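# Understanding the architecture of this molecule
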Amino acid sequence: KLLRQGRIRRGISSYFTSNPEAVAAVNAGEIEATLVPQGTFAEAIRGSKRWIDLGPFQFQPSEFGKLFFVLALAGFVCERRDRLGLRTTISTIALACIPIGLVFLQPDLGTALVYMAALGALVFLSGVRWRVIALVGSTALLFAVSVVWLLPAAGVQILKPYQVERLVGFAN
């Protein structure tokens, strides 16, 4: 829709040919596209390209993401500090689920768990009522038990076996 309205002038992507409108716009010179081949900046480490190599050191972009994640959620909660109830808490969690889900799909369970811990701390420290915290905590516990034990027992695998082993090993 934004492309059709002429609101997009430039794009950076590693892959965009799945959108025929974008391809036509680039070919017609309506938008400028910068293509970055996948893996250009990242070195494969254990089959994963999460680390960016910058000469003498490497960094993982999700490290900056953790900081921005906390700052963005804190700003979101601060703007709504007069209305800290179940609705605001659910909105905060829904907003947080976007980066958590994207990081989980990399798959980077460790960083996703750090994001979840940061979310839990933020909800706790924001001054939400204990009743809301108990409801959210109970829901999170039920979700975790479902992902680790109930869904796999029903034949639905969410986590990879090594991820389950890490979680169970951590819990023991």
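Because the structure is predicted, anything quoted here is derived from the model rather than measured. Counting restarts for each chain, with residues numbered from 1 along the sequence as it is written. Totals for whole chains, interfaces and linings use every residue, but because this is a predicted model, local features are given only for residues with pLDDT of at least 70 and side-chain atom pairs only at 80 or more, for both listing and counting. The basis for the side-chain values is all heavy atoms of the structure; hydrogens and waters are excluded.

## Examining the pattern of salt bridges
Heads up, the condition is: Each reported salt bridge corresponds to a side-chain nitrogen of Lys or Arg within 4 Å of a carboxyl oxygen of Asp or Glu. Between buried and exposed lies partly exposed: a residue is buried under 20% and exposed over 50% of the maximum accessible area for its type, with that area taken using a 1.4 Å probe on protein chains only.
Scanning the entire structure with this criterion turns up one salt bridge. Of the charged contacts, one joins Arg80 and Glu79 as a salt bridge, the two residues approaching to 3.2 Å between their closest N and O atoms. You can call Arg80 partly exposed: its relative accessible area is 22%.

## Overview of the packing of aromatic side chains
The condition that has to hold: When the centres of two rings from Phe, Tyr and Trp lie within 6.5 Å, Trp using its six-membered ring, the rings pair. Their planes under 30 degrees apart give stacked, over 60 give edge-to-face, and anything left gives tilted. Helix numbering and strand numbering both begin at the N terminus, where a helix is a DSSP run of H or I of at least 4 residues and a strand a DSSP run of E of at least 2. Here, over-ring charges are defined by two tests on the NZ atom of lysine or the CZ atom of arginine: distance to the ring centre within 6 Å, and angle to the ring normal within 35 degrees.
Per the counting criterion, the structure on display carries two aromatic pairs. Here Phe69 and Tyr115 contribute two aromatic rings whose centre-to-centre distance is 4.6 Å and whose plane-to-plane angle is 20 degrees, an arrangement assigned as stacked. With Phe69 in helix H2 (residues 61–79) and Tyr115 in helix H4 (residues 109–125), this residue pair connects regions lying 46 residues apart in the sequence. Between Phe124 and Trp130 the ring centres are 5.6 Å apart and the planes differ by 65 degrees, which places this aromatic pair in the edge-to-face class. Using a relative accessible area of 44% as the deciding quantity, one classes Phe124 as partly exposed. On the basis of relative accessible area, Trp130 is assigned to the exposed category, the value being 61%. In this structure, Arg80 packs its charged tip against the face of Phe76, placed 3.7 Å from the ring centre.

## Side note on a nonpolar patch on the surface
This is how it is decided: Each patch is built from salt-bridge-free residues with over 30% relative accessible area, joining like charges within 9 Å and nonpolar side chains (Val, Leu, Ile, Met, Phe, Trp, Tyr) within 5 Å. Per-residue and other accessible areas follow the Shrake-Rupley method at a 1.4 Å probe size, with only the shown protein chains counted as cover for residues.
On the surface, a cluster of nonpolar side chains totalling about 440 Å² of accessible area is made up of Phe64, Leu67, Phe68 and Leu71. Summarising the element assignment, Phe64 is placed in helix H2. With relative accessibility at 47%, the residue Phe64 sits in the partly exposed group.

## Section: the packing of helix H3 (residues 86–104) against helix H5 (residues 130–153)
Heads up, the condition is: Helix axes use the C-alpha atoms of the stretch in contact, all axes being lines fitted to C-alpha atoms, and the angles between their N-to-C directions lie in the range 0 to 180 degrees. Should an angle fall under 35 degrees it is taken as roughly parallel, and over 145 as roughly antiparallel, whereas 65 to 115 is taken as roughly perpendicular and any remaining angle as oblique. Crossings are sorted by hand: turned counterclockwise from the far helix by less than a right angle, the near helix makes the crossing left-handed, and turned clockwise it makes it right-handed. Here, residues are in contact when the closest pair of their heavy atoms is within 4.5 Å. All amino acids are sorted into three groups, where Ala, Val, Leu, Ile, Met, Phe, Trp, Tyr, Cys and Pro are nonpolar, Asp, Glu, Lys and Arg are charged, and the leftover types, Gly among them, are polar.
Interaxial distance between H3 and H5 falls to 10 Å at its minimum, and their mutual angle equals 40 degrees. Classed by the angle they form, the pair H3 and H5 counts as oblique. Seen from above, H3 lies across H5 with right-handed handedness. Mapping the contact onto sequence places Leu86, Thr89 and Ile93 in H3 and Val132, Leu135 and Val136 in H5. Here the contact of H3 with H5 is built from residues that sort into five nonpolar, one polar and no charged.

## Describing H4
Filter applied, for reference: Here the expected span of a helix is defined as 1.5 Å times the quantity of residues minus one. Regarding the arc, it is the one traced by the directions from the helix axis to the C-beta atoms.
When the terminal C-alpha atoms of H4 are compared, their 24 Å separation across 17 residues agrees well with the 24 Å that a helix rising 1.5 Å per residue should span. For H4, the full list of buried residues reads Leu109, Thr111, Ala112, Tyr115, Leu119, Leu122 and Val123. Along the axis of H4, the buried positions cluster into a sector of 165 degrees, meaning they face one direction only. Along H4, exposed side chains directed more than 90 degrees from the buried face belong to Ala117 and Leu125. Among the residues trailing H4, Gly127 stands out with phi positive, at a value near 95 degrees.

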